[in-house]
Amino acid sequence: MIEISNLGKQYASGFVALDNISLSVKKGEILALLGPNGAGKTTLISSVCGIVNPTSGSVTVGGFDIIKDYRKTRSLIGLVPQELTTDAFETPWDNLTFSRGLFGLPKNPQVVEKVLKDLSLWDKKDDRIMTLSGGMKRRLLIAKALVHEPQVLFLDEPTAGVDVALRQDMWRMVDELRNQGVTIVLTTHYIEEAEAIADRIGVISGGKLLLVEDKGTLMARMGQKQLKVELMDTLEALPKVLEKQGFCLADDGLSVVYHYDKDAEEIDIGGLLQAVTSAGLGVKDIHTQQSSLEEIFVDLVEDAA
Ligand SMILES: Nc1ncnc2c1ncn2[C@@H]1O[C@H](COP(=O)(O)OP(=O)(O)O)[C@@H](O)[C@H]1O
Ligand SMILES: [Mg+2]
């Protein structure tokens, strides 16, 4: 659905914001682009949407070239921009009706009604936009991106600074759109967001795409597991024998932790536990858990820097 080949963007200042990015996104897929501020996420999305002119490379959307067939690709795309931009004096109803018209589509009050209802804006449809709260304005921006029934939706940091209710509505909406076959690319620096809704995850930093991978594969490949042994009493210092075994002490002194590769050869949990008790420590509880995407992400971006 989206094919990005060797895309580069150098701003007039000489700054290279995108460095040779290649990426393809399948129909109906949800791709999350994770990256710190200034990574180039907005520049990448803006290039695909025709708002920023790339300096090299090419992009197709639905098989159409974003420069040669700009009108076609733009009509396939819905964009929810990072910055809030709304018209003050119009009403949501007029705003959405007009937006649809901009794409040359016939009037369709049912679609406008559905979009307004989906985003809980129905009772505000005739209010002036300037009287809406920040969260409602953001809902309206989403409505505006959806009212021409796009096949591809770009959400640029959709949940930055929004309340919990809107975040959950957004996740629900993304899920529903995916079920309708809409392809979704979202940028975020909230890792739990990518973890919660994406099928694939791309990590971008310093204008480079560090990796793109299926979420499950990424977590399985890079993730580690840990065995956490909760202790009966607080421990001041880790006994030498346990240190030699590869344990470390949790900051609060209330547990000792052993990290191991998820795919590593079998580990001897019984033996590890025995080492803890032989060191004279009382065991209160044990847990194993997998390292989160957050830990993986921080490692990646640090390694690239
Ligand atoms: N119009 C511009 N002129 C020069 N530099 C820009 C311009 N727009 C963005 N940049 C720079 O490009 C880099 C990437 O920006 P951006 O794509 O907005 O990152 P992100 O969305 O990941 O936070 C940043 O260092 C930013 O300062
Ligand atoms: Mg941005």
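For the structure, see preceding data.
1. So, the sheet that holds strand S2 (residues 16-25)
- Here we have four strands laid out as an open sheet, ordered S2-S1-S4-S5, and antiparallel in their pairing. The open sheet is flanked by S2 and strand S5 (64-65), the only strands paired with a single partner.
- Pairing of strand S4 (residues 56-61) with S5, which is carried by two bridges, proceeds in the antiparallel orientation. From the neighbouring strand, Val61 faces S5, where its bridge partner is Phe64.
- Most of the contacts of helix H1 (residues 41-48) go to strand S1 (residues 2-10), to which it runs at about 120°, and overall it touches S1, S2 and S4.

2. Considering the coordination of the magnesium ion (ligand 2)
- On the protein side, the magnesium ion (ligand 2) has Thr42 (OG1) and Gln82 (OE1) as donor atoms, found 2.0 to 2.2 Å from it. Of this pair, Thr42 sits in helix H1 while Gln82 sits in the loop between strand S6 (77-80) and helix H3 (92-102), and the two are 40 residues apart along the sequence.
- A relative accessible area of 31% places Thr42 in the partly exposed class.
- Take Gln82: its relative accessible area is 29%, and that puts it in the partly exposed class.

3. Description of the packing of aromatic side chains
- Taken as a whole and assessed by the stated rule, the structure comprises three aromatic pairs.
- For the pair Trp93 and Trp122, a centre-to-centre distance of 6.2 Å together with 65° between the ring planes defines the contact as edge-to-face. You can see Trp93 sitting in helix H3 and its partner Trp122 sitting in the loop between helix H4 (109-118) and helix H5 (134-146), a full 29 residues away along the chain.
- On the basis of relative accessibility, which here comes to 24%, the residue Trp93 falls in the partly exposed class.
- Centre to centre, the rings of Phe247 and Tyr258 are 5.5 Å apart; their planes meet at 55°, and the pair counts as tilted.

4. Observations regarding the site of ligand 1
- Contacts to ligand 1 come from Tyr11, Ser13, Phe15, Ala17, Pro36, Asn37, Gly38, Ala39, Gly40, Lys41, Thr42 and Thr43.
- Separating an oxygen atom of ligand 1 from a backbone N or O atom of Gly38 is a distance of 2.7 Å.
- One of the side-chain nitrogen or oxygen atoms of Thr43 is found 2.6 Å away from an oxygen atom of ligand 1.
- Against a free-state accessible area of 570 Å², the protein chains account for coverage of 62% of ligand 1.
- A per-element tally of the shell around ligand 1 places H1 first, with three residues.
- Per-class residue counts for the shell around ligand 1 are five nonpolar, six polar and one charged.

5. Remarks on empty space enclosed by the protein
- Counted according to the given criterion, the structure contains one cavity of 30 Å³ or more.
- The computed volume of the largest cavity comes to approximately 40 Å³.
- Taken together, Ile4, Leu23, Val25, Leu31, Leu33, Leu44, Val48, Phe154 and Val185 make up the full set of residues lining the largest cavity.
- For the lining of the largest cavity, the secondary structure elements donating two or more residues are S2, strand S3 (30-34) and H1.
- The class makeup of the residues in the lining of the largest cavity is nine nonpolar, no polar and no charged.

Quick notes on the rules
Residues numbered from 1 in each chain as written. Chains lettered and ligands numbered in written order. Predicted model: local features only at pLDDT ≥ 70, side-chain atom pairs only at ≥ 80, totals over all residues. Heavy atoms only, no water. Pairing = 2+ DSSP bridges. Helix = DSSP H or I, 4+ residues; strand = E, 2+ residues; numbered from the N terminus. Contact = heavy atoms within 4.5 Å. Axes fitted to C-alpha atoms, helices over the stretch in contact; angles between N-to-C directions. Donors = N, O, S within 2.8 Å, 3.2 Å for Na, K, Ca; no water. Buried < 20%, exposed > 50% of the residue type's maximum accessible area, 1.4 Å probe, protein only. Phe/Tyr/Trp six-rings, centres within 6.5 Å; stacked < 30°, edge-to-face > 60°. Near = heavy atom within 4 Å. Polar contact = N/O pair within 3.5 Å; in protein donor to acceptor, adjacent residues only side chain to side chain. Areas by Shrake-Rupley, 256 points an atom, 1.4 Å probe, with all protein chains shown as cover. Nonpolar A, V, L, I, M, F, W, Y, C, P; charged D, E, K, R; others polar. 1 Å grid on protein atoms, 1.4 Å probe; cavity = no way out; pocket = protein on both sides within 12 Å on 5 of 7 lines; lining within 4 Å. Points joined across faces, edges and corners; volume = space filled by probe spheres on them.

Spatial relationships are all this shows, so hold off on functional conclusions.
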